[in-house]
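An overview of the molecular structure
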Amino acid sequence: MSAPSVTPIPITTIYELKQHHSQLVRLGLASHPAHARRLLAFLARDPAGLPYAARLLAHHPDPHPALFNPLFASLPPRHAAALLSLMLSLPLRPDHFTLPRILPAAPLPLAVQLHALLLKLNFHSHAHSFNALLAAYHANGRADLAFRLFVGGGSSAVLDVVSWTTMVGGLCRLGHVDDARELFDGMPERNLISWNAMISGYVKAGRFLDALEVFDQMRVTGLERNGFVAASAVVACTGAGALARGREVHRWVEQSGIQMDEKLATAVVDMYCKCGSVEEAWRVFQGLPTKGLTSWNCMIGGLAVHGRCKEAIELFHQMEREDVAPDDVTLVNVLTACAHTGNVSGGRHYFDYIVQRYGIEPKMEHYGCMVDLFGRAGLLDEAKKVIDDMPMEPDIGVLGALFGACKIHRDLDLGEAIGWRVIELDPQNSGRYVLLANLLASAGRWGDVARVRQLMDERNVSKEAGRSVIEIDSEVCEFQCGTLRHPEEKEIFAMAKDMMRKIGLEGYAPDTSDVLHDVAEEAKEASLLYHSEKLAIAFGLLRTRPGDTMRVTKNLRVCRDCHEATKLISRVFEREIVVRDRNRFHHFRDGACSCNDYWGKGGMNSTKEFGLY
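Here's a quick rundown of the structure. Note that the structure is a prediction, hence the values are computed from the model and not measured. (Residues numbered from 1 in each chain as written. Predicted model: local features only at pLDDT ≥ 70, side-chain atom pairs only at ≥ 80, totals over all residues. Heavy atoms only, no water.)

Points about the overall build of the protein chain
Short version of the rule: In DSSP terms, a helix is any run of H or I states spanning at least four residues, a strand is any run of E spanning at least two, and both are numbered starting from the N terminus. Relative accessibility under 20% of the residue-type maximum defines a buried residue, over 50% an exposed one, and the middle range a partly exposed one, all with a 1.4 Å probe and only protein chains included. Note on contacts: a residue pair qualifies if any of its non-hydrogen atoms lie within 4.5 Å across the two residues. Exposure was quantified through the Shrake-Rupley algorithm and a 1.4 Å probe, taking into account, for residues, occlusion by the shown protein chains and nothing else.
The helix and strand tally for the protein chain stands at 31 helices and 6 strands. Residue burial in the protein chain is summarised as follows: out of 613 residues, 52% are buried. A separation of at least 24 residues holds for 66% of the contacts in the protein chain among residues at least 6 apart in sequence. If you sum the accessible surface of the protein chain, you get close to 27,700 Å²; carbon and sulfur atoms cover 51% of it.

Rendered as structure tokens:
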């Protein structure tokens, strides 16, 4: 039924709404569904309008759930519960669409009450309500209640693909990816959302190879291709450092006609940057018909972590010329570019210029970048002054930057003071303890090193094992420091020893300064052979030929010894070796590194993966 004619007036304020409402009352049209819905739709925008909405509904001659339902989704849980109480007091029975609008944001006590109401109203057999309740329990971290409901409360008529997908996605978000995979494998049918829930769940859990395995299964089914799934697969390739797989997924996107929106395009650029091929990232970036701010930030950040400061700065100015205003992420990336190349004067300039020119208020991470910039350059007093002058208390990242710089530049007194403070602020991060122990070991203070280790034992903190991943012929292999489990174990060890022997003839001398054991020098040198990147490179030498490029991704920062060894390996064995560590990229070629040996100066992100956008 169409609404009787009435001259509409714009409704932008509660005053205008009351004017329009009074006009409807005078004309006898206030109770007409179309007019009532318009009034309630405006009141639903702001909880402050709830009392007026409640009076309007209470005086409506024929209230029905369709008038109430639009309000529920827009109200905070407390107000939604109050409106539901009003509805029940009229009395008015909710319909199948009422409770699903309240459940998504409901805290656990309210979710439990709504569960009881569902049972009372016999709505638990309605799929929409049932699935909303599953999602509510997961949102409150109660996977046990969701699972009990799923197993015991759902009949075959209620459980649909949405129910299964809700369970898989909810378990993944709570970190129960193995349980999610078990359910996923048992699904009677899957849609694109189901596949993406499992793939993205693995990605969020850092299990990138598992994510790619599920993605491969999805491709075999011939399911319609989708940009969300593509983005998840690209991010999985990024996390695994799998450039060949990333290229394959990129080709799949292009061949399938998936629209390259800004989110997907930025993910592809980011993948190429983080997999070590900044040239391919540049080609994708240049080919974008329109470039949003996140795309610019990603490319600037990619150039920065590859040590290409000049190009990063030039791209920033190009962004300005195209009237794209920078944001706080842009400032971080520009400062990172300066820090990675020791451009202290440039860092000072761009900090002041971007902050003043674009009105960006410096945040914690920006002050952290400045501490990192000065610390890498050995300007520890200036780094400390930045911390002292900050308008907020420094967080663990800012203090960690100064701590890392103290270790590199052998400032024992300041480093020890900051180190103990950092450990207390971040007591479960093994990297903080290792850095302090390294600093103390460099001064021969083995008793204090033992004290740090004892504190780790008391707090049940384990040192994170070094792991390196290398991709050869689309096969991704992982190596762990100190252990080797591989079908070619003997050949890899033999190559590693031969590799070290040959670079020894070229002047390599083991650097044991980071070995945290008070043992003989010979034992320290022997332990260096088993560093994960050396094992990965040895495997790469077995599978590649002179002139080839090897790409290694490491979860920790490259140590001094491996950095020097890899430079010589690149020359002796005629390979280009691209290493992505936790801080940046190193391109080793002909006995030199792209970082110009500036890699070890400081390290704000020594315990955190770098990000580009």
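Back to the write-up after that little detour.
As for the packing of aromatic side chains
As a reminder of what qualifies: Aromatic pairing here means that ring centres of Phe, Tyr or Trp (its six-membered ring) are within 6.5 Å. Orientation follows from the plane angle: under 30 degrees is stacked, over 60 is edge-to-face, and everything else is tilted. The rule is short: NZ of Lys or CZ of Arg within 6 Å of the ring centre and within 35 degrees of the ring normal puts a charge over the ring.
Summed over all chains, the structure comprises 9 aromatic pairs. Ring geometry for Phe285 versus Trp296: centroids 5.2 Å apart, planes at 80°, classification edge-to-face. With Phe285 in helix α17 (residues 278-286) and Trp296 in helix α18 (residues 293-305), this pair connects stretches of sequence that are 11 residues apart. With respect to class, Phe285 is no different from Trp296; both count as buried. Consider the rings of Phe316 and Tyr350, whose centres lie 6.0 Å apart with planes at 90°: the pair is edge-to-face. Of this pair, Phe316 sits in helix α19 (residues 309-321) while Tyr350 sits in helix α21 (residues 344-358), and the two are 34 residues apart along the sequence. Of the two residues, Phe316 and Tyr350, neither departs from the other in class, the shared state being buried. Here Arg190 stacks its cationic end above the ring of Trp195, 5.0 Å away from the centre of that ring.

Some details on the packing of helix α14 (residues 227-240) against helix α15 (residues 243-256)
Note the cut-off: Where helices are involved, their axes are fitted lines through C-alpha atoms of the stretch in contact, as for all axes, and angles between N-to-C directions lie from 0 to 180°. In what follows, roughly perpendicular refers to angles from 65 to 115 degrees, roughly parallel to angles under 35, roughly antiparallel to angles over 145, and oblique to any angle outside these ranges. Left-handed is the label given to a crossing in which the near helix is rotated counterclockwise from the far helix by less than a right angle, and right-handed is the label when the rotation is clockwise. Only Asp, Glu, Lys and Arg are considered charged in this grouping, and only Ala, Val, Leu, Ile, Met, Phe, Trp, Tyr, Cys and Pro are considered nonpolar; every other residue, Gly among them, is considered polar.
It is the contact of α14 with α15, at a shortest axis distance of 9 Å, that shows an interaxial angle of 165°. Relative to α15, α14 is oriented roughly antiparallel. Seen from above, α14 lies across α15 with left-handed handedness. Residue-level inspection shows Ala230, Ala233, Val234 and Cys237 of α14 in contact with α15, the latter providing Arg245, Gly246, Val249, Trp252 and Val253. Of the residues contributing to the contact of α14 with α15, the split by class is 7 nonpolar, 1 polar and 1 charged.

Re the state of the cysteines
Rules: Put simply, a disulfide is two cysteine sulfurs that come within 2.5 Å.
This model, assessed by the stated rule, comprises 0 disulfides. A disulfide-free cysteine, Cys477 has its sulfur positioned 16 Å from the sulfur of Cys275, the nearest such atom. For Cys477, a relative accessible area of 8% gives the class buried. Free of any disulfide, Cys559 has its nearest cysteine sulfur in Cys562, 3.6 Å distant. For Cys559, a relative accessible area of 14% puts it in the buried group.

Quick word on the side chain of Glu471
The criterion, for reference: Residues scored as charged are limited to Lys and Arg (positive) and Asp and Glu (negative), so that His and the chain ends carry no count. Salt bridges are defined by distance alone: a side-chain nitrogen of Lys or Arg within 4 Å of a carboxyl oxygen of Asp or Glu. Counting of polar contacts relies on pairs of N or O atoms within 3.5 Å, with two restrictions inside protein: one atom must be capable of donating a hydrogen and the other of accepting it, and residues adjacent in sequence are counted only when both atoms are side-chain atoms.
Along the polypeptide, Glu471 turns up in strand β1 (residues 467-472). Summary of buried charges: Glu471 has no salt-bridge partner, and the nearest side chain of opposite charge, Arg245, is 6.1 Å away. A polar contact is formed between the side chain of Glu471 and the backbone nitrogen of Ala244, at a distance of 2.9 Å. Only 3.2 Å separates the side chain of Glu471 from the backbone nitrogen of Arg245, close enough to count as a polar contact. Not counting residues up to four positions away in its chain, the partners in contact with Glu471 are Gly241, Ala242, Leu243, Ala244, Arg245, Val476 and Arg551.

Regarding the pairing of β1
Convention followed: Strands pair, by our definition, only if DSSP identifies at least two bridges between them.
With 5 of 6 residues buried, β1 lies mostly within the body of the structure. In this structure, β1 lies alongside strand β2 (residues 475-480), joined through 6 bridges in antiparallel fashion. Each residue of the ladder has a partner; that of Glu471, found in β2, is Val476. As consecutive antiparallel partners, β1 and β2 are separated by 2 residues, and within that stretch Asp473 has a phi angle of approximately 50°, a positive value. Pairing of β1 with strand β3 (residues 549-554), which is carried by 3 bridges, proceeds in the antiparallel orientation. Along β3, the bridge assignment pairs Val469 with Thr553.

Re unusual backbone geometry
Most peptide bonds take the trans form, and the phi angle of most residues other than glycine is negative. One non-glycine residue with positive phi stands out, namely Asn122, at about 65°. Look at Glu574: it is not a glycine, yet its phi comes out positive at around 55°. In this fold, Glu574 is placed in the loop between α31 (560-572) and β4 (576-580). Residue class for Glu574 comes out exposed when judged on its relative accessible area of 52%.

Here we look at the packing of helix α25 (residues 412-425) against helix α26 (residues 430-442)
At a minimum axis separation of 10 Å, α25 and α26 run at an interaxial angle of 160°. With respect to α26, the element α25 is oriented roughly antiparallel. Considering only the axes of α25 and α26, their crossing is left-handed. The residues of α26 that touch α25, namely those facing Leu412, Gly415, Glu416, Gly419, Trp420, Val422 and Ile423, are Arg432, Tyr433, Leu436, Leu439 and Leu440. Classifying every residue of the contact of α25 with α26 gives 8 nonpolar, 2 polar and 2 charged.

Examining the pattern of salt bridges
With the rule as written, the count across this model stands at 30 salt bridges. Put simply, Glu311 and Arg308 hold a salt bridge, and the shortest N to O gap is 2.9 Å. Classification of Glu311 by relative accessible area gives partly exposed; the value is 33%. The salt bridge partner of Arg571 is Glu506, with a shortest N-O separation of 3.3 Å. Separated by 65 residues along the polypeptide, Arg571 in helix α31 and Glu506 in the loop between α28 (489-505) and α29 (521-528) bring together distant segments of the chain. Here the residues in one salt-bridge network are Asp216, Arg219, Arg245 and Glu248, joined through shared partners.

Re α21
Since one α-helical turn is 3.6 residues long, residues separated by three or four positions face the same way. Counted only if it meets this: To estimate the expected span of a helix, count its residues, drop one, and scale the result by 1.5 Å. For this quantity, the arc is that covered by the directions from the helix axis to the C-beta atoms.
With 15 residues, α21 should cover 21 Å at 1.5 Å per step; its first-to-last C-alpha distance of 21 Å lies within 8% of that length. Those residues of α21 not exposed but buried are Val344, Gly346, Gly347, Tyr350, Phe351, Ile354 and Val355. When α21 is viewed along its axis, its buried side chains cluster within an angular range of 155° and face the same direction. Counted as exposed and oriented over 90 degrees from the buried face of α21: Ser345, Gln356 and Arg357. Of the surrounding elements, those touching the buried residues of α21 are α19, α20 (328-341) and α22 (364-376). Count one or two residues on from α21 and you reach Gly359, which has phi positive near 65°.

Re the environment of Thr12
Tracing the sequence through the fold places Thr12 in the segment before α1 (14-27). Taking the relative accessible area as the measure of exposure, Thr12 reaches 56% and is therefore exposed. Residues Thr12 and Ala417 lie 405 residues apart in sequence; the distance between their C-alpha atoms is 58 Å.

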